[in-house]
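A closer look at the structure
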Amino acid sequence: CALNEDHTEVKFVSPPVDAKVGERVTVPGFDFEGEEGNPFAENKIGKKKIFEKLAPHLVTNEFGSPEFLGRPFLTSAGVCTSPIEGGNVA
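Given the structure is predicted, the values throughout are model-derived calculations rather than measurements.

Scanning the protein from N- to C-terminus turns up two helices and eight strands. In sequence order, the protein lays out its α and β elements as β-β-α-α-β-β-β-β-β-β. The C-alpha atoms of the protein give a radius of gyration of 14 Å, which matches the 12 Å a tight globule of 90 residues would have. For the C-alpha atoms alone, the extent of the protein along its principal axes is close to 35 × 30 × 20 Å. Within the protein, buried positions represent 26% of all 90 residues. Here the analysis covers contacts within the protein between residues at least 6 apart in sequence; of these, 60% occur between residues at least 24 apart. Of the accessible surface of the protein, which amounts to about 6,500 Å², a share of 56% is contributed by carbon and sulfur atoms. When the 9 basic and 14 acidic side-chain charges of the protein are each reduced to a single mean position, those positions are 10 Å apart.

Now the structure itself:
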């Protein structure tokens, strides 16, 4: 979900219309294959505070596209979108 700066508006982040159901969303420049690409176990996410470390870098740009460290969320069909510009992603 994307939310504005004061958290009064929350909207879904949407994949492109032509994206395949169940397809993994990727971020250019990050390898999601192999051992490092496997998701963390649920107990590790809480213990290591993974989301808290990543959250400040999950934002929407001036066009509403969600980004991580300035790189867009992508599927094979293109960039994900949100109606919230200049917000955060949670």
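Once you've had a look at it, read on.
The full count for this structure, using the stated rule, is zero disulfides. Lacking any disulfide linkage, Cys1 is separated from the closest cysteine sulfur, that of Cys80, by 13 Å. Judged by its relative accessible area of 37%, Cys1 falls in the partly exposed class.

As a further point, take the environment of Thr8. By secondary structure assignment, the location of Thr8 is in the loop between β1 (2–3) and β2 (10–11). Among the polar contacts made by the side chain of Thr8, one reaches the side chain of Asp6 at a distance of 2.8 Å.

What follows deals with the side chain of Thr75. Here Thr75 lies in strand β6 (residues 74–75). Take Thr75: its relative accessible area is 11%, and that puts it in the buried class. Within the structure, Thr75 has its side chain in polar contact with the backbone nitrogen of Ala77 (distance 3.1 Å). Look past the residues within four positions of Thr75 in its chain and what remains in contact with it is Pro15, Pro16, Ala19, Glu23, Val25 and Cys80.

A few words on the side chain of Thr60. Along the chain, the position of Thr60 falls in strand β3 (residues 58–60). There is a polar contact of 3.3 Å between the side chain of Thr60 and the backbone nitrogen of Gly86. A distance of 2.6 Å separates a polar side-chain atom of Thr60 from the backbone nitrogen of Gly87. Each residue touching Thr60, except ones within four places of it in the same chain, is listed here: Ala2, Ser65, Pro66, Ser82, Ile84, Glu85, Gly86, Gly87, Asn88 and Val89.

Conventions adopted
Residues numbered from 1 in each chain as written. Predicted model: local features only at pLDDT ≥ 70, side-chain atom pairs only at ≥ 80, totals over all residues. Heavy atoms only, no water. Helix = DSSP H or I, 4+ residues; strand = E, 2+ residues; numbered from the N terminus. Rg over C-alpha atoms; globule rule 2.2 N^0.38 Å. Buried < 20%, exposed > 50% of the residue type's maximum accessible area, 1.4 Å probe, protein only. Contact = heavy atoms within 4.5 Å. Areas by Shrake-Rupley, 256 points an atom, 1.4 Å probe, with all protein chains shown as cover. Lys, Arg positive; Asp, Glu negative; His and termini not counted. Charge placed at Lys NZ, Arg CZ, Asp CG, Glu CD. Disulfide = S-S within 2.5 Å. Polar contact = N/O pair within 3.5 Å; in protein donor to acceptor, adjacent residues only side chain to side chain.

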